[in-house]
Amino acid sequence: MSALCDPPGAASPPRPPLSAQELGQEVKAFLSGVDPVHGTKLSLKDHARCALLLLRSLPPARHAALEHLRAVFDEQVCSHLLERENGGTTTTTMAALGTCGGRTAGCGLEEVVQEVQRVLTEFVRANPKAWAPVVSAWSIDLMGQLSSKYAGRHGVPHASSLNELLQLWMSCKATRTLMEIYTQCLSAMIGGCPDACVDALLDTSVQHSPHFDWVVAHIGSSFPNTIINRVLSCGLKDFCAHGAAPGDLLFPVAADKRVPKIASVVGILGHLASRHSGSIKQELLRMFHESLGPARDQHQKATVPFLLQLAVMSPALLGTISSELVDSLKPNVLNQLHQHFVSLPREDLENMVSIVVHLICQTSAGAYRILQFLVNTAMPASVITPPGLTLHDGVREACDRVIQLLLLNLQKLVYNRGTPNLADSPPRPVPFLDALKSHVRELCVETLRLERKRFLWQHQLLGLLAVYSAPHCATDALFFLLTLARTQEELALATQLYAVLSSCLVDLLPATVKTCVCQIHAGRLPEPQMAQLFRNLALVVQWEGGEGGPAAMGVQLGAVLARHLHDFGQLLLHRSPEVAEAACLLLSVCPLPRAVPPAHLLAAVRSAVHQFFVVLRRRNPANLCYSGRLLARLSAVSPAAAKAVLQQLVEGALRGGNAELFGGSGEKTGGEETGEEGNGGVSLLDINRRFTAAVNFSGGVWSVFHAGVIGRGLKPAAGPGERAPEELAHNTQTFLSLLLRCCRGGRSGETPPNPSVTGINPEAAKAVAAALVESVCPEAAGGELVWPPEEQARGTVERDLRICRRFRDHPLLFPLLRLVAAGRPALCYCSVLLRGLLASLMAYWEACRESRTAGSPWHLQASCSLVACMAEGSLLPPVLGNMHEIFHQLAPFEVHLLLLSIWDYLRDNSPLPQKFTFQAERGVFLRDFSRDGDVGKHLAVLHSVLHKNIHRLGLLAGRFRP
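Residues numbered from 1 in each chain as written. Predicted model: local features only at pLDDT ≥ 70, side-chain atom pairs only at ≥ 80, totals over all residues. Heavy atoms only, no water.

J.: Kindly report on the overall build of the protein chain, identifying the contributing residues and their values.
T.: When you go through the protein chain residue by residue, the secondary structure sums to 45 helices and 2 strands. Taken across its 962 residues, the protein chain has 51% of its residues classed as buried. For the protein chain, contacts bridging at least 24 residues in sequence account for 74% of all contacts bridging at least 6. A total of about 44,300 Å² of accessible surface is found on the protein chain, and carbon and sulfur atoms cover 55% of it. (Helix = DSSP H or I, 4+ residues; strand = E, 2+ residues; numbered from the N terminus. Buried < 20%, exposed > 50% of the residue type's maximum accessible area, 1.4 Å probe, protein only. Contact = heavy atoms within 4.5 Å. Areas by Shrake-Rupley, 256 points an atom, 1.4 Å probe, with all protein chains shown as cover.)

Here's what the structure looks like:
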């Protein structure tokens, strides 16, 4: 038999055809497996060469011969795997023995395999049209059988390890030869009819996947464009031939049974997607656009359902094409697509829409672009459409239908995630919503445009996204809506979203407010947006509505905001006036916490007082109202808070930077409290306020203060006041009204124009008195209230002059004294100021050389105001308290004598709180002057002055009788 075949490795020389007798002997030997000459059994090698001889000489026997040659390749693969398992000793052992169970050694099989390759290569090269389809189908089917047969063999990698599996099979002589044979056939058929090779590839892939995937990967890498094109073409043909209904597309298992090659198409394209995604994308788009052409045959009509089927079965293919497909859907393409499907039955159209909705839910790549495409197509924005690009009404209706079904489907997916089939299985992801997590802000911006149906769709989608990705997306959505809303209609969207989310998400508002605070502290919000956020929060807190309306959110929001008093209080010192005023508005309407740490409370009070004076300088009535309301509410938190508010207000009003608001002419420090730059533009007070407000030093005694910048020069000199008397009067009245509200414990209501009205809390008036003494004469704070003897009073002349100078520089001090006097017996605690001012005025009138008191208007006014304050504070009996009414009619020495009589009375009857008794029925402190003895001895001077000036003061004499 060996003489009938070519020697191994040699070229096949032309040989004369066999005679009929010789051919018959070869057929008999092939069928029986016995050598007809020697009568011995043929070896596998000789039997294979007999099959090759028949393959050459007897065309009808080619199928039988090729079928027999499968055993040769099978044996060689088995030998190769044994050699790998035994570390390379199998071939040597089998060669030494010559046979192994009637089989030839591995090296002989490799020669036969090489000879088979040479014979089949010659056949394909000589007549590709006849041999290439047969040989390609045989080789590809044999590779599939071998891959499946030895897939479970020890040492064979798992099908998922594609690279390792490819290296194993390409190192085997038999499988590498089969791959080379198939590659040659495919190369020979590319120009003619490659569908036969690709059909064989698909059929084999259906039978032997996933063990056959290494063949697909290698062939696809060798002929990417051809394989992609032909695989899609053959898959489409098979799809049409089996007539898959559109309803099957939602059920890939059923579709696989009806269209068996569809899974192989998906697998092959999936293998190629990692390296040839661009080619796949281009080919899929080409098929889609060609299917919309005018000449529509059966394949064209089935192209879109076929592509949808691929997308349903392969998320990778869906992600590859989704973005580009949306970009290519121009108005003319959409109109063609509508024309393409307008004739389908309604049931099929509904199925197609359901498929599209399902695919959108499973799409992550370009999800936001897909959403915008659908919204813009179904309901265009208020822009002018370019001419020639008008969409058919059916297209808009279809997109409208898709959006509605998409929202309905997403709602089912989102609200069913909490009840998975298996207790341990995680919730099923929704790729479309996962991709939209990073576009929450854009969705909020689009929603706030309030454009017809568009904002309703996107608002509903925001709610679904918030529930799906809670809590982060929920808090982000509310945060953006509260920050970006500019009108009440836009702000209502935030309350509506909260009404939807609050039923299924707990602690939503606390998390949202915490997000707002974090964004503010991180500096991620521009100042205008920060101010808008505060104004919107304030508006929500103030809203009133029915049950479940904005009021429900407002009440809960106010309670949550109260926990962040310290965070928002710091923003009252913000460099932007708009932000500071908006923060003041918010704090003025939200409820304050019942218990506030002292450090936080003091910081908030200091910031609020600073903001009050800044707003007062800007002459903004609305913001001034909010600032005053905030301070009044802070004073009502606790007695300690009221004391801190009053002290800060009084000290702030008498400070050089603010004193000019009330007509004061005290020295200013560069730009202090004015918001204007002085010499160097540095205000140490402002710097330290911001510094200490941001850093909490409440835990210890250590504090750090900013001490200034060396080299800034001298403090600027005090300039003359430039404010009109009307403005000074308005500022004074505003300040006193606020102070009176704080003294009354923050009670609301109109404040009477006269600050001497009763009803002031005595403790609050006492706090104002202490602040006055501390500001005017700090060294005398906490001193004795008893009126000093004459000798001791002479030692305080310098201090008395300084007190008088302060009262002259600060017109606000006398109204403040009157306010203190209204809260009896608080004026007693201003004893040091009263006697210093009284002593200075007495000295002045004693030395005055004017003929009438009108020549010294300020001293006259000061004397009258001082006596009136002491009378109102019940430090003087009515007879002495009324004498200021005649000062303007007297000479300076007479005023001196009258004031001296007052001094004598106070020396004998010191202004002490113990002399006041509380009347519960009236709720006030009163003083009974009858207990102080006879007041007549202090009226002699008064009566003498009246007698001397009887011609002018006769009508007033009755007011000065005890």
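Anyway, onward from the coordinates.
J.: Provide a residue-level description of the layout of surface pockets, including the pertinent values.
T.: The computed volume of the largest pocket comes to approximately 1,200 Å³. L337, M352, V353, V356 and V402 are, among the 38 residues lining the largest pocket, the residues nearest its centre. Looking at the lining of the largest pocket residue by residue, the class counts come to 30 nonpolar, 4 polar and 4 charged. (1 Å grid on protein atoms, 1.4 Å probe; cavity = no way out; pocket = protein on both sides within 12 Å on 5 of 7 lines; lining within 4 Å. Points joined across faces, edges and corners; volume = space filled by probe spheres on them. Nonpolar A, V, L, I, M, F, W, Y, C, P; charged D, E, K, R; others polar.)

J.: Mind laying out the pairing of strand β2 (residues 924-927), listing which residues take part and the relevant values?
T.: Pairing between strand β1 (residues 916-919) and β2: 4 bridges, direction antiparallel. Across the sheet, F916 pairs through a bridge with R927, a residue of β2. Between β1 and the antiparallel strand that follows it, β2, lie 4 residues; G923 among them carries a positive phi value of about 70°. (Pairing = 2+ DSSP bridges.)

J.: Describe in detail the nonpolar core, supporting the description with residues and values.
T.: Counting 295 residues, the largest nonpolar core has L649, F735 and L772 as its most contacted members. Of all the elements, helix α13 (residues 262-290) adds the most residues to this core, at 12 residues. F735 has contacts with F612, F613, L649, V650, A653, F662, L812 and L816, leaving out every residue within four places of it along the chain. (Core = buried A, V, L, I, M, F, W, Y, C linked by side-chain atoms within 4.5 Å.)

J.: Any chance you could break down the pattern of salt bridges for me, citing the residues and the numbers?
T.: Here the structure, examined in full by the defined rule, presents 23 salt bridges. Among the salt bridges present, the one from E350 reaches R401, with a minimum N-O distance of 3.5 Å. With E350 in helix α17 (residues 346-361) and R401 in helix α19 (residues 393-415), this pair connects stretches of sequence that are 51 residues apart. On the accessibility criterion, E350 (27% relative accessible area) is partly exposed. Classification of R401 as partly exposed rests on a relative accessible area of 36%. The network of salt bridges with shared partners includes E446, R449, E451 and R454. (Salt bridge = Lys/Arg side-chain N within 4 Å of Asp/Glu carboxyl O.)

J.: How would you summarise the packing of aromatic side chains if you had to cite specific residues and measurements?
T.: Enumeration according to the criterion identifies 15 aromatic pairs in this entry. Seen in terms of ring centroids, F612 and F735 are 6.5 Å apart; in terms of plane orientation they differ by 40°. Their pairing is tilted. One end of the pair, F612, is in helix α30 (residues 598-618); the other, F735, is in helix α35 (residues 725-743), with 123 residues separating them in the sequence. A residue is classified by how much of its surface remains accessible, and F612, at 1% relative accessible area, is buried. Overall, F735 belongs to the buried group, its relative accessible area being 0%. By way of ring pairs, the aromatic residues F612, F613, F662 and F735 are connected into one cluster. (Phe/Tyr/Trp six-rings, centres within 6.5 Å; stacked < 30°, edge-to-face > 60°.)

J.: Lay out helix α14 (residues 298-313) in plain terms, naming residues and giving numbers.
T.: Between its first and last C-alpha, α14 extends 22 Å over 16 residues, near the 22 Å set by a 1.5 Å rise per residue. Along α14, the largest kink reaches about 35° and is centred on V304; proline P305 follows within four residues of it. (Expected span 1.5 Å × (residues − 1). Bend = angle between axes of the 7 residues up to and from the residue.)

J.: Tell me what's going on with unusual backbone geometry, and back it up with residues and numbers.
T.: P471 follows A470 through a cis peptide bond whose omega is 0°. Structurally, the position occupied by P471 is in the loop between α22 (452-468) and α23 (472-484). A cis amide bond links R824 to the next residue, P825, at an omega of 0°. Within the secondary structure, P825 is located in the loop between α39 (813-822) and α40 (831-847). Positioned with a positive phi, R452 is a non-glycine residue whose angle comes to about 45°.

J.: Please provide a residue-by-residue account of the environment of S323, values included.
T.: Here S323 lies in helix α15 (residues 315-328). Note on S323: relative accessible area 11%, which makes it buried. Look past the residues within four positions of S323 in its chain and what remains in contact with it is A365, G366 and R369.

J.: Describe the packing of helix α2 (residues 44-57) against helix α3 (residues 62-85), with residues and values.
T.: The geometry of α2 relative to α3 is characterised by a closest axis approach of 9 Å and an angle of 150° between their N-to-C directions. Viewed along their axes, α2 and α3 adopt a mutual orientation that is roughly antiparallel. Two packed elements cross with a definite hand, and for α2 against α3 that hand is left-handed. Side by side, α2 and α3 meet where L44, H47, A48, A51, L52 and L55 of the first sit next to R62, A65, L66, H68, L69, V72 and E75 of the second. The class makeup of the residues in the contact of α2 with α3 is 9 nonpolar, 2 polar and 2 charged. (Axes fitted to C-alpha atoms, helices over the stretch in contact; angles between N-to-C directions. Parallel < 35°, antiparallel > 145°, perpendicular 65-115°, else oblique. Left-handed = near helix turned anticlockwise from the far one by under 90°.)

J.: How would you explain the side chain of R70 if you had to name every residue and give the values?
T.: Note that R70 resides in helix α3. With residues up to four places along the chain from it excluded, the contact list for R70 reads W138, D141, L142 and Q145.

J.: Got a sec to walk through the environment of H610? Specific residues and values, please.
T.: Relative to the helices and strands, H610 resides in helix α30. Taking the relative accessible area as the measure of exposure, H610 reaches 7% and is therefore buried. The spatial distance from the C-alpha of H610 to the C-alpha of S627 is 9.7 Å, given a sequence separation of 17 residues.

J.: So what's going on with helix α44 (residues 940-948)? Residues and values would help.
T.: Within α44 the residues assigned to the buried category are L942, V945 and L946. Down the axis of α44, the smallest arc covering the buried residues is 100°, so these residues share one side. When the buried face of α44 is taken as reference, the exposed residues oriented beyond 90 degrees from it are H947 and K948. Each element contacted by the buried residues of α44 is listed here: α42 (878-881), α43 (892-908) and α45 (950-953). (Arc of directions from axis to C-beta.)

J.: Residue-level account of empty space enclosed by the protein, with values.
T.: In this structure the tally under the stated criterion is 2 cavities of 30 Å³ or more. Roughly 50 Å³ of volume is contained in the largest cavity. What lines the largest cavity is simply L371, V375, I403, L406, L407, W457, Q458 and L461. Only α18 (367-378), α19 and α22 provide two or more residues apiece to the lining of the largest cavity. In terms of residue class, the lining of the largest cavity is built from 7 nonpolar, 1 polar and no charged.

J.: Run through the environment of S775, naming residues and quoting values.
T.: Following the sequence through the fold, S775 ends up in helix α36 (residues 762-776). In this structure, the C-alpha to C-alpha distance between S775 and G652, residues 123 residues apart in sequence, is 9.4 Å. Not counting residues within four places of it along the chain, the set of residues in contact with S775 comprises E651, L654 and R806.

J.: How would you explain the confidence of the model for the protein chain if you had to name every residue and give the values?
T.: For the protein chain, per-residue confidence averages 80 on the pLDDT scale, and residues scoring 70 or more make up 82% of the total. Segment residues 90-105 is flagged for pLDDT under 50; beyond a separation of four residues in sequence, or across chains, it makes 17 contacts in the model. Contacts from residues 419-423, a stretch scored under 50 in pLDDT, to residues over four places away or in other chains number 1 contact. (pLDDT = per-residue confidence, 0-100.)

J.: Please set out the packing of helix α9 (residues 195-208) against α13 residue by residue, giving values where relevant.
T.: Running from N to C, α9 and α13 point in directions that differ by 100°, and their axes come no closer than 8 Å. Taken together, the axes of α9 and α13 are roughly perpendicular relative to one another. Here L201, L202, S205 and V206 of α9 lie close against α13, whose contacting residues are S264, V265 and I268. By residue class, the composition of the contact of α9 with α13 is 5 nonpolar, 2 polar and no charged.

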